[in-house]
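# A closer look at the structure
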Amino acid sequence: MALGAVLLAGLLGSMATSVQAATVVWQLRVKDGEGRPLADTVVELSQPGAAAGTPRETSVVQRNKTFVPYVTVVPTGSTVVFPNEDSVRHHVYSFSPSKTFEIPLYHGDSVPVVFDKQGVVVLGCNIHDSMLAYIVVSDAPWQAVSDASGVVKFDLPPGTYQLKLWHPRQQQPLPEQTIDVGSGAAVQTISLPVSEPKPVTTMDYSY
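All of the points below concern the structure found in this document.

Parameters at a glance
Residues numbered from 1 in each chain as written. Predicted model: local features only at pLDDT ≥ 70, side-chain atom pairs only at ≥ 80, totals over all residues. Heavy atoms only, no water. Helix = DSSP H or I, 4+ residues; strand = E, 2+ residues; numbered from the N terminus. Buried < 20%, exposed > 50% of the residue type's maximum accessible area, 1.4 Å probe, protein only. Salt bridge = Lys/Arg side-chain N within 4 Å of Asp/Glu carboxyl O. Pairing = 2+ DSSP bridges. Axes fitted to C-alpha atoms, helices over the stretch in contact; angles between N-to-C directions. Polar contact = N/O pair within 3.5 Å; in protein donor to acceptor, adjacent residues only side chain to side chain. Contact = heavy atoms within 4.5 Å. Phe/Tyr/Trp six-rings, centres within 6.5 Å; stacked < 30°, edge-to-face > 60°.

### Description of unusual backbone geometry
In the segment running from V68 into P69, the intervening peptide bond is cis, with an omega of 5°. Relative to the helices and strands, P69 resides in the loop between β5 (66-68) and β6 (71-75). The phi torsion at N64 lies on the positive side, around 55°, for a residue other than glycine. Turning to its location among the elements, N64 is positioned in the loop between β4 (61-63) and β5. The exposed category is assigned to N64, whose relative accessible area is 63%. Not every positive phi belongs to a glycine, and K65 is a case in point at roughly 55°. Relative to the helices and strands, K65 is located in the loop between β4 and β5.

### Description of the environment of F154
Turning to its location among the elements, F154 is positioned in strand β14 (residues 151-156). Along the chain, F154 and V24 lie 130 residues apart, while their C-alpha atoms are 8.1 Å from each other.

### Concerning the pattern of salt bridges
Under the criterion given, the structure shown has two salt bridges. As a salt-bridge pair, R36 and D32 come within 2.8 Å of each other at their nearest N and O atoms. Take R36: its relative accessible area is 47%, and that puts it in the partly exposed class. D32 sits in the buried class, given a relative accessible area of 8%.

### Some details on the sheet that holds strand β12 (residues 132-138)
On the basis of which strands lie adjacent, the open sheet formed by five strands has the order β6-β12-β11-β8-β9 and mixed pairing. The two strands at the open ends of the sheet, each matched to only one other strand, are β6 and β9 (99-106). For this sheet, the mean angle separating the axes of adjacent strands, direction not counted, is 20°. The pairing of strand β8 (residues 90-96) with strand β11 (residues 119-125) spans two bridges and is antiparallel.

### A short note on the side chain of S94
Locating S94 in the fold gives a position in strand β8. A polar atom in the side chain of S94 sits 3.2 Å from the backbone oxygen of K99. Residues within four places of S94 in sequence aside, it is in contact with K99, T100, F101, V121 and V122.

### Regarding the packing of aromatic side chains
Scanning all chains against the criterion turns up seven aromatic pairs. An angle of 85° between the planes, with centres 5.8 Å apart, marks the rings of F101 and F115 as edge-to-face. Of this pair, F101 sits in strand β9 while F115 sits in strand β10 (residues 113-115); the two residues are 14 residues apart in sequence, bridging distant segments of the chain. Accessibility classification places F101 together with F115 in one group, the buried group. Ring centres of W142 and Y161 lie 5.2 Å apart, and the angle between their planes is 80°; this geometry places the pair in the edge-to-face category. Linking W142 in strand β13 (residues 142-145) with Y161 in strand β15 (residues 159-166), this pair joins segments that are 19 residues apart in sequence. Linked through ring pairs, Y70, Y134 and W166 together constitute an aromatic cluster.

Below, the structure written as structure tokens:
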């Protein structure tokens, strides 16, 4: 093989290895004060110079007089629709400082709502007081909600990140933490003390 071909092959191989190693899987397990998996925890990661998350469209469904999902996180500027799959009509609203809106009685499809300010938006229904849900609007480049096992996973470039957690029942805001994501897969566990569920009429905007 000619010297030029050898050098080119080596360069291409090095580039392929670099691309493969560009990101790593980082996993966070969130537990409550008793060590139980904590679902519905918003996890945000930021890094100096990293661009904010890209706005997207998502949905919060009304089903069996319940908002699904209970907690949603979206990048700032995202659009959310609120399909009503129930046979009864709902009146969706929020008085939250980050987004005040209402969608009068309806069923089926809803008008889209743009969430253009960072913060926690508490959802309710004027007809059914038991209906409660949260939308966290975030400027963070990386964001997710923990699943039923209390787990979130990110595909990240190695580096140092600021970690922020939020849960509807957290006892007090946790300070941001600095984490290091290395060149290999990593698992980290964090405990987030939470209180017992609040009455469904309580609106908590702390963030």
